[in-house]
Amino acid sequence: MTTTDPADAATAMTRMAAVIDAHDWYGLADLLHEDFTVRFVHTGETFDRDAWVQLNADYPGFERLTLEDCVGSGDRAVGRCHVTGRVDGEAQEFEVASFVTVKDGLIVELTEVWADVDATPPPGTRPTA
């Protein structure tokens, strides 16, 4: 089992992003604590370790995950990732903010907030020049 220094959640975040990008689902499971839970803020869903690894492994059209930014302190870290994939031959892009907590050297809690890249602001919500 892979472990990280419990005081270095940023390393855990970096490793998690790397194994997801590599489609290394066994490696992903090895980074997650047996009590792991993930919450998707945008949908209200919660998954345990095995269900979340399976969700990632089975996600249709997933291609790449790139960690764009990561900030950590102690057992907590936050990362911003760019995700690309294809559905029916069409490219899709997303951004995700991921918040991790590490326990016993493994990720025990993850909260994710997903957003489409091509979203446009509602009319009348931005200043005009």
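Look up: the structure comes first, before these words.
In this text, all values refer to a predicted model and were calculated from it rather than measured experimentally.

**Q** Help me understand the overall build of the protein chain, please; the structure alone is not making it clear to me.
**A** Helix and strand counts for the protein chain stand at 3 helices and 6 strands. Taking the principal axes of its C-alpha atoms as reference, the protein chain extends roughly 50 × 35 × 25 Å. Of all 129 residues assigned to the protein chain, the portion counted as buried reaches 33%. Total accessible area computed for the protein chain in this model is approximately 7600 Å², and 51% of it derives from carbon and sulfur atoms. One way to put it: in the protein chain the 9 positive side-chain charges average out to a point 4 Å from where the 24 negative ones average out.

**Q** So what exactly am I meant to see when it comes to the sheet that holds strand β5 (residues 90-103) here?
**A** Pairing between the strands of a sheet is mediated by backbone hydrogen bonds and can be parallel or antiparallel. The 6 strands are arranged β2-β1-β6-β5-β4-β3 in an open sheet whose pairing can be described as mixed. Both outer strands of the open sheet, β2 (45-48) and β3 (62-73), are each paired with one neighbouring strand and no more. Across the sheet, the mean angle separating the axes of adjacent strands is 20 degrees when strand polarity is ignored. Bridge count between β3 and strand β4 (residues 76-87): 10 bridges; the pairing is antiparallel. Pairing of Cys 70 across the sheet is with Gly 79, part of β4. Where helix α1 (residues 9-21) meets the sheet, it contacts β3, β4, β5 and β6 (106-116), and its direction lies at approximately 175 degrees from that of β3.

**Q** Would you explain the pairing of β6 in this entry?
**A** The two faces of a sheet get side chains in turn, since along a regular strand they alternate between them. Relative to β6, strand β1 (residues 32-40) runs parallel, the two sharing 5 bridges. If you follow Thr 37 over to β6, its bridge partner there is Glu 109. Bridge analysis of β5 against β6 gives 10 bridges, and the strand direction is antiparallel. Following the sheet pairing, Thr 101 is matched in β6 by Glu 109.

**Q** So what exactly am I meant to see when it comes to the pattern of salt bridges here?
**A** Oppositely charged side chains can pair when the atoms bearing their charge come close. Scanning the entire structure with this criterion turns up 4 salt bridges. Salt-bridge contacts for Arg 64 lead to Asp 21; the nearest nitrogen and oxygen are separated by 2.6 Å. Here the residue Arg 64 occupies a position in strand β3, and Asp 21 occupies one in helix α1, the gap between them amounting to 43 residues. Taking the relative accessible area as the measure of exposure, Arg 64 reaches 45% and is therefore partly exposed. Residue classification places Asp 21 among the buried positions, given a relative accessible area of 19%. The partner of Asp 50 in a salt bridge is Arg 49, and the shortest N-O contact between them spans 3.8 Å. Exposure remark for Arg 49: the relative accessible area of 21% places this residue in the partly exposed category.

**Q** Which parts of the structure should I look at to understand unusual backbone geometry?
**A** Trans is the prevailing form of peptide bonds, just as negative phi is the prevailing case for residues other than glycine. Positioned with a positive phi, His 23 is a non-glycine residue whose angle comes to about 60 degrees. If you trace the backbone, His 23 turns up in the loop between α1 and α2 (25-30). Residues other than glycine seldom take positive phi values, yet Asp 88 does so here, at roughly 50 degrees. If you trace the backbone, Asp 88 turns up in the loop between β4 and β5.

**Q** Whenever I open this one, the nonpolar core confuses me. Can you help?
**A** Within soluble globular proteins, side chains that are nonpolar generally end up buried alongside one another. Counting 28 residues, the largest nonpolar core has Met 16, Ile 20, Leu 28, Trp 52, Val 100 and Ile 107 as its most contacted members. Every element with two or more residues in this core is listed here: α1, α2, β1, α3 (49-58), β3, β4, β5 and β6. Those residues within four positions of Ile 107 in sequence are excluded, and the remaining contacts are Ala 12, Met 16, Leu 31, Leu 32, His 33, Phe 36, Val 100, Thr 101 and Val 102.

Each value, and the rule that gives it
- Residues numbered from 1 in each chain as written.
- Predicted model: local features only at pLDDT ≥ 70, side-chain atom pairs only at ≥ 80, totals over all residues.
- Heavy atoms only, no water.
- Helix = DSSP H or I, 4+ residues; strand = E, 2+ residues; numbered from the N terminus.
- Buried < 20%, exposed > 50% of the residue type's maximum accessible area, 1.4 Å probe, protein only.
- Areas by Shrake-Rupley, 256 points an atom, 1.4 Å probe, with all protein chains shown as cover.
- Lys, Arg positive; Asp, Glu negative; His and termini not counted.
- Charge placed at Lys NZ, Arg CZ, Asp CG, Glu CD.
- Pairing = 2+ DSSP bridges.
- Axes fitted to C-alpha atoms, helices over the stretch in contact; angles between N-to-C directions.
- Contact = heavy atoms within 4.5 Å.
- Salt bridge = Lys/Arg side-chain N within 4 Å of Asp/Glu carboxyl O.
- Core = buried A, V, L, I, M, F, W, Y, C linked by side-chain atoms within 4.5 Å.

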